[in-house]
Amino acid sequence: MQRDEQQALAAAIGLLLLVGGVLVGDALVGPWPTFAAGVTLVLTHYLGPSVVREITVKRFARQLRRHR
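Remember, predicted model here, so these are calculated numbers, not experimental data. (Residues numbered from 1 in each chain as written. Predicted model: local features only at pLDDT ≥ 70, side-chain atom pairs only at ≥ 80, totals over all residues. Heavy atoms only, no water.)

## Topic: a positive patch on the surface
1) Next: There is a patch of like positive charges on the surface, built from R59, R62, R65 and R66.
2) Next: Within the element layout of this structure, R62 appears in helix α2 (residues 31-66). (Patch = residues over 30% accessible without salt bridge, like charges linked within 9 Å, V, L, I, M, F, W, Y side chains within 5 Å. Areas by Shrake-Rupley, 256 points an atom, 1.4 Å probe, with all protein chains shown as cover. Salt bridge = Lys/Arg side-chain N within 4 Å of Asp/Glu carboxyl O. Lys, Arg positive; Asp, Glu negative; His and termini not counted. Charge placed at Lys NZ, Arg CZ, Asp CG, Glu CD. Helix = DSSP H or I, 4+ residues; strand = E, 2+ residues; numbered from the N terminus.)

Below, the structure written as structure tokens:
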């Protein structure tokens, strides 16, 4: 039961930080740069690991071809 409460608290704090960050970003730089920054962060978080994995595999394959 305690774990559920901790997860709910973490989600609530995360949501408050997200909303606060959007409001501050909107006030400082405007809505479009704030939106662009948010989309960039989400895409980086979502696609980052697969891109890093792909780059690592290509680098390793290139090293194998060189040393043969």
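There's more to say after this.
## Re α2
Owing to its 3.6 residues per turn, the α-helix aligns residues three or four sequence positions apart on the same side.
1) Next: In this model, α2 (36 residues) spans 49 Å end to end at C-alpha, consistent with the 52 Å of a helix rising 1.5 Å per residue.
2) Next: Residue L47 marks the point of greatest curvature in α2, where the axis turns by about 50°; the proline P49 follows within four residues. (Expected span 1.5 Å × (residues − 1). Bend = angle between axes of the 7 residues up to and from the residue.)

## Examining the packing of aromatic side chains
1) Next: Evaluated as defined, the whole model comprises one aromatic pair.
2) Next: Ring centres of W32 and F35 lie 6.1 Å apart, and the angle between their planes is 90°; on these two criteria the pair is classed as edge-to-face. Taken together, the residues W32 and F35, both in helix α2 and three residues apart, mark about one turn of the helix.
3) Next: When its relative accessible area of 66% is taken as the criterion, W32 is described as exposed. (Phe/Tyr/Trp six-rings, centres within 6.5 Å; stacked < 30°, edge-to-face > 60°. Buried < 20%, exposed > 50% of the residue type's maximum accessible area, 1.4 Å probe, protein only.)

## Brief notes about the packing of helix α1 (residues 2-29) against α2
1) Next: At a closest axis distance of 7 Å, the pairing of α1 and α2 adopts a crossing angle of 135°. The angle between α1 and α2 places the two elements in the oblique class. The two elements α1 and α2 cross, and the hand of that crossing is right-handed. Between α1 and α2, the residues in contact are V22, G25, D26 and V29 and P31, P33 and T34, respectively.
2) Next: Here the contact of α1 with α2 is built from residues that sort into four nonpolar, two polar and one charged. (Axes fitted to C-alpha atoms, helices over the stretch in contact; angles between N-to-C directions. Parallel < 35°, antiparallel > 145°, perpendicular 65-115°, else oblique. Left-handed = near helix turned anticlockwise from the far one by under 90°. Contact = heavy atoms within 4.5 Å. Nonpolar A, V, L, I, M, F, W, Y, C, P; charged D, E, K, R; others polar.)

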